[in-house]
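# Overview (structure and organization)
Each chain, written out:
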Amino acid sequence: MARPAPSHAAVARWALVVVWVSLPFTAGPAFAEALAERSLPVQRVDAIGLWLLWAGGLVAALVPTTASLTALRILAPASLAGVVVAAVAGARGTALVVAAMAVTMTVTVLVLLPRVGDRFANGSSYGDERRFLLKPPAALVLGPIPLAWALVVAGTAAGPMLLAASAWVAGAAALVVGWPLAALLVRSLHGLTRRWLVFVPAGMVVHDATTLVESAMVQRREIAGVSRARADTDARDLTAGAAGGAVELAFSVHVPITPRPPGRPGGAVAEAVPVTAVLVAPTRIDAVLAEAAERRLPVG
């Protein structure tokens, strides 16, 4: 019997591994040229940093989990940014820079693909459950997320690089401030990869600390429909302002959920509220509807 064709997500995931493995050979020469005229300590520190980036990314690419996804979505754009810095710093070989730019841009695009995101999210799943990543809030995409990423990269790299350049005071200060800040921001970014719509044998779960104090669990018998959100819906909005379409989960009974009060002003206490429908914003709406149909849930 013929073997089933690999899924698009599996192809993209293994393409990510192959491209990542190639980085020392495709992007490495551009970095080497940029560092050629730097002092020996700077060369060594930068080389160690690049090899750690590559090794960490390779491990993350080979072991798909939500933590690996967070790591790759930090490291892959960092490799692209590094090529830009290398080009400005002295990598004058046009072919080297173009090759490095192409491969680091490719790996960055791959780690940001929704299919790849869901593949990694399900690497941490339990038993017969299927997770679908939720889209980040639009307000965060337009500024805070890129800023947090930039601070993580700069906060991690600045201290060692300044110390290698014999800027002892600035380097020490960068380590003391930058590394704790980077750790805090990585934790925040990781929270975005832990926002899921989950199918389980007993029903569905909305796991999203951005909008809910506790995960919302709905029994299979309580699910009246899973459909694309209508423009005139009065369902409770749990999309956190994410751009694009959404999915409406309709219930046959009132289901209690505990929305997170915005900023909890004045020490506001979160209270459970009964709802008959909610909106969520998965990155792959068609895949969610297909999964619902496969699990014999009513799809509208």
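Just so you know, these numbers come straight off a predicted model, no measurement behind them. (Residues numbered from 1 in each chain as written. Predicted model: local features only at pLDDT ≥ 70, side-chain atom pairs only at ≥ 80, totals over all residues. Heavy atoms only, no water.)

Turning our attention to the packing of aromatic side chains. Considering all chains together, one arrives at 2 aromatic pairs under this definition. A centroid spacing of 5.6 Å and a plane angle of 90 degrees characterise the contact between W51 and W54, whose relative ring orientation is edge-to-face. Separated by 3 residues within a single helix, W51 and W54 lie in helix 4 (residues 40–62), roughly one turn from each other. Stacked on the ring of W14, the Lys or Arg R13 has its end atom at 4.1 Å from the ring centre. The ring centre of W196 lies 3.9 Å from the NZ or CZ of R131, which sits over that ring. (Phe/Tyr/Trp six-rings, centres within 6.5 Å; stacked < 30°, edge-to-face > 60°. Helix = DSSP H or I, 4+ residues; strand = E, 2+ residues; numbered from the N terminus. Lys NZ or Arg CZ within 6 Å of the ring centre and 35° of its normal.)

Here the focus is the packing of helix 1 (residues 8–21) against helix 4. The relative placement of two packed helices comes down to the angle between their axes together with the axis-to-axis distance. The interhelical angle for the contact between helix 1 and helix 4, taken along N-to-C directions, is 160 degrees, at an axis separation of 10 Å. Put simply, helix 1 runs roughly antiparallel to helix 4. Crossing hand, helix 1 versus helix 4: left-handed. From helix 1, R13, W14, L16, V17, W20 and V21 reach across to helix 4, where they touch L53, W54, G57, L58, A61 and L62. (Axes fitted to C-alpha atoms, helices over the stretch in contact; angles between N-to-C directions. Parallel < 35°, antiparallel > 145°, perpendicular 65-115°, else oblique. Left-handed = near helix turned anticlockwise from the far one by under 90°. Contact = heavy atoms within 4.5 Å.)

Turning our eyes to something else, we now look at the sheet that holds strand 8 (residues 273–280). Ordered by their spatial adjacency, 4 strands build an open sheet running 5-7-8-6, and the pairing between neighbours is mixed. The outermost strands of the open sheet, each flanked by one partner alone, are strand 5 (223–228) and strand 6 (236–237). Relative to strand 8, strand 6 runs parallel, the two sharing 2 bridges. Its bridge partner lying in strand 8, R236 is registered against V278. Where helix 11 (residues 285–294) meets the sheet, its contacts fall on strand 5 and strand 7 (247–257), and the angle it forms with strand 5 comes to roughly 150 degrees. (Pairing = 2+ DSSP bridges.)

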